[in-house]
Amino acid sequence: MFFSTISLGLALLPFISATVHDIQVGADGLSYTPEAISAVAGDQVVFHFHAKNHTVTQSSFANPCGLKDGGFDSGFMPVAVNQTDNLPTYTITVNDTNPVWVYCRQGSQTPASHCGQGMVFAVNCGLDGSANSFTNFKQSALAIGASLSAAAAASSTAVTTPTSASADAAAAAYTTAAYGGVTIPAAPAVTPVTQTITLGTQTWTTTYSSYPGSPDATPAAAQGNVHTVVVGGPGKLTFDPPFVSAQPRDTIVFQFQQKNHTVTQSSFADPCRKLTTGGFDSGFMPVADNVTSDYPTWSITINDTTPIWAYCRQQNPSSHCGAGMVFAVNPVQDSTRNFTAFQNVAEALNGTATASSASPSATSSPNGATSLHIGSAGFALVLSAVIATLL
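For the structure given in this document, a descriptive report is provided here. (Residues numbered from 1 in each chain as written. Predicted model: local features only at pLDDT ≥ 70, side-chain atom pairs only at ≥ 80, totals over all residues. Heavy atoms only, no water.)

**Observations concerning the overall build of the protein**
Reasoning step 1: A count of helices and strands for the protein gives five helices and 25 strands.
Reasoning step 2: Relative to all contacts within the protein whose residues are 6 or more apart in sequence, the contacts with residues 24 or more apart total 69%.
Reasoning step 3: Working note: accessible area of the protein is about 19,100 Å², and carbon and sulfur atoms make up 56% of it. (Helix = DSSP H or I, 4+ residues; strand = E, 2+ residues; numbered from the N terminus. Contact = heavy atoms within 4.5 Å. Areas by Shrake-Rupley, 256 points an atom, 1.4 Å probe, with all protein chains shown as cover.)

Structural data, given as structure tokens:
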């Protein structure tokens, strides 16, 4: 028993003596602090994420700004500008003394690339003067950033004959969100289309905005289909389903369940603020915790197949939109401006903008939905919900 105890103690010794290395992500701009460390097997590296929206993503010395096959990735960690405590963390455990290379993939493959601006990190890199030194690794990342910026500058000044390739490049261009410096895919060009539509015995001419990747704006039926979307519910900050595909004349019925939510039209670049020109808004729909039927409803009718973006504008006790409570109609799921990308922008911006920090965007125009109406759920239901404790 004595020898077994000694053996167990020796086996646990590396873990007992393991060191925890704390790394600050984005505390000093686009950087990891410190930028490089030495560690032994069993050590833990804890990354503390500060304001903005960064990642900890494993790369390789040969490709500093690209995800390594099978490598780790924290995913995006959005942090509000005014958040100073309870910062999110991500931890890796060092398995050996081989070098580990890391970068932030925000703005990947664009001139706004954080990696391309030198936001990289390393564990057990070579000393300065060696081939695999941290200095060389960072210089390679900066060179990638310089190349991306040069390519963007060249494309903006070059005069060429438009081709399908140049159109694809334009569609893949990137810009920044309405505030917060978050990189997002730029909006593609929308083409006005006039089309004669025949449905059964009915024929009519319609003009609509043709959005790349969206289906033709042909109704599925003369009266349209009905799509039901559940808003909220016990312990839920969701729209269910989170997005729908709908044709003109279709109706989307929002069924409001527990707590106090809205469905409010916004834009891809500014997910958590209402459009300043037009745009729909259900207003707050309070529902008491003990309500189990006859939920209030609110509806929109779809006019065309251009993507529509929406969110819940509840801010109490914190932003529902910033927690990912967003919704879309006809997002182009095989494009860069898909539903997940929209939700990521909402979470990245965290729903924290105020009138004093940023002005609402007026560049987006509402489209695709009209004929709003509130469903009947009974005055007594609404009154009891108002009295109840609300979020």
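**Comments concerning unusual backbone geometry**
Reasoning step 1: Following Asp240, the chain continues to Pro241 via a peptide bond in cis, the omega torsion being 5°.
Reasoning step 2: Tracing the backbone through its elements, the reader meets Pro241 in the loop between strand E16 (239-240) and strand E17 (243-244).
Reasoning step 3: The omega torsion of the bond from Asn316 to Pro317 falls at 5°, within 30 degrees of zero and hence cis.
Reasoning step 4: Mapped onto the secondary structure, Pro317 falls in the loop between strand E23 (308-311) and strand E24 (326-329).
Reasoning step 5: Positioned with a positive phi, Asn124 is a non-glycine residue whose angle comes to about 60°.
Reasoning step 6: Looking at where Asn124 falls in the secondary structure, it is placed in the loop between strand E10 (120-123) and helix H2 (134-157).
Reasoning step 7: In this structure Asn124 comes out as buried when scored by relative accessible area, which is 12%. (Buried < 20%, exposed > 50% of the residue type's maximum accessible area, 1.4 Å probe, protein only.)

**Description of the packing of aromatic side chains**
Reasoning step 1: A complete count under the given rule lists 16 aromatic pairs for this structure.
Reasoning step 2: Relative to Phe121, the ring of Phe47 lies with its centre 5.4 Å away and its plane at 85°, an arrangement referred to as edge-to-face. With a gap of 74 residues between them, Phe47 in strand E4 (residues 44-49) and Phe121 in strand E10 connect regions that are remote in the sequence.
Reasoning step 3: Judged by relative accessible area, Phe121 falls into the buried class, the value being 0%.
Reasoning step 4: Judged by centre distance (4.6 Å) and plane angle (40°), the rings of Trp101 and Phe137 are tilted. With a gap of 36 residues between them, Trp101 in strand E9 (residues 100-103) and Phe137 in helix H2 connect regions that are remote in the sequence. Grouping residues by exposure puts Trp101 and Phe137 together as buried.
Reasoning step 5: Grouping aromatic residues by their ring pairs yields a cluster made of Phe239, Phe254, Phe280, Trp298 and Phe327.
Reasoning step 6: Positioned above the aromatic ring of Phe268 is the side chain of Arg337, whose terminal nitrogen or guanidinium carbon lies 4.2 Å from the ring centre. (Phe/Tyr/Trp six-rings, centres within 6.5 Å; stacked < 30°, edge-to-face > 60°. Lys NZ or Arg CZ within 6 Å of the ring centre and 35° of its normal.)

**Quick look at the nonpolar core**
Reasoning step 1: In this structure, Phe239, Ile252, Phe254 and Phe327 are the most contacted members of the largest nonpolar core, which totals 24 residues.
Reasoning step 2: Residues Ile37, Phe72, Met77 and Val100 belong to the second largest nonpolar core, which totals 20 residues. (Core = buried A, V, L, I, M, F, W, Y, C linked by side-chain atoms within 4.5 Å.)

**A short note on the sheet that holds E4**
Reasoning step 1: The sheet built from four strands is open, its strands ordered E2-E1-E4-E8 with mixed pairing. Looking at which strands have only one partner, the edges of the open sheet turn out to be strand E2 (32-33) and strand E8 (89-93).
Reasoning step 2: Alignment of E4 against E8, held across five bridges, turns out to be antiparallel. Considered in E8, the bridge of His48 is made with Thr89. (Pairing = 2+ DSSP bridges.)

**Description of the state of the cysteines**
Two cysteines form a disulfide when their sulfur atoms are joined by a covalent bond.
Reasoning step 1: Taken as a whole, this structure holds two disulfides when the rule is applied.
Reasoning step 2: Across the disulfide, Cys65 is cross-linked to Cys115 (sulfur-sulfur distance 2.0 Å). Because the sign of the S-S torsion sets the handedness, a value of about -85° for the bond joining Cys65 and Cys115 places this disulfide among the left-handed ones. Remark: Cys115 occurs in the loop between E9 and E10 and Cys65 occurs in the loop between strand E6 (57-59) and strand E7 (77-79); sequence separation between them is 50 residues. Both residues of the pair, Cys65 and Cys115, belong to the buried class. (Disulfide = S-S within 2.5 Å.)

**A few points about the sheet that holds E6**
Reasoning step 1: The sheet built from four strands is open, its strands ordered E3-E10-E9-E6 with mixed pairing. If you trace the sheet from one side to the other, it starts and ends with strand E3 (36-37) and E6, each paired once.
Reasoning step 2: In this structure, E6 lies alongside E9, joined through three bridges in antiparallel fashion. The residue of E9 that forms the bridge with Ser59 is Trp101.

**Quick look at the environment of Val190**
Reasoning step 1: Here Val190 shows up in the loop between strand E12 (183-185) and strand E13 (191-199).
Reasoning step 2: Taking C-alpha positions, Val190 is 7.1 Å from Pro212, a pair spaced 22 residues apart along the chain.

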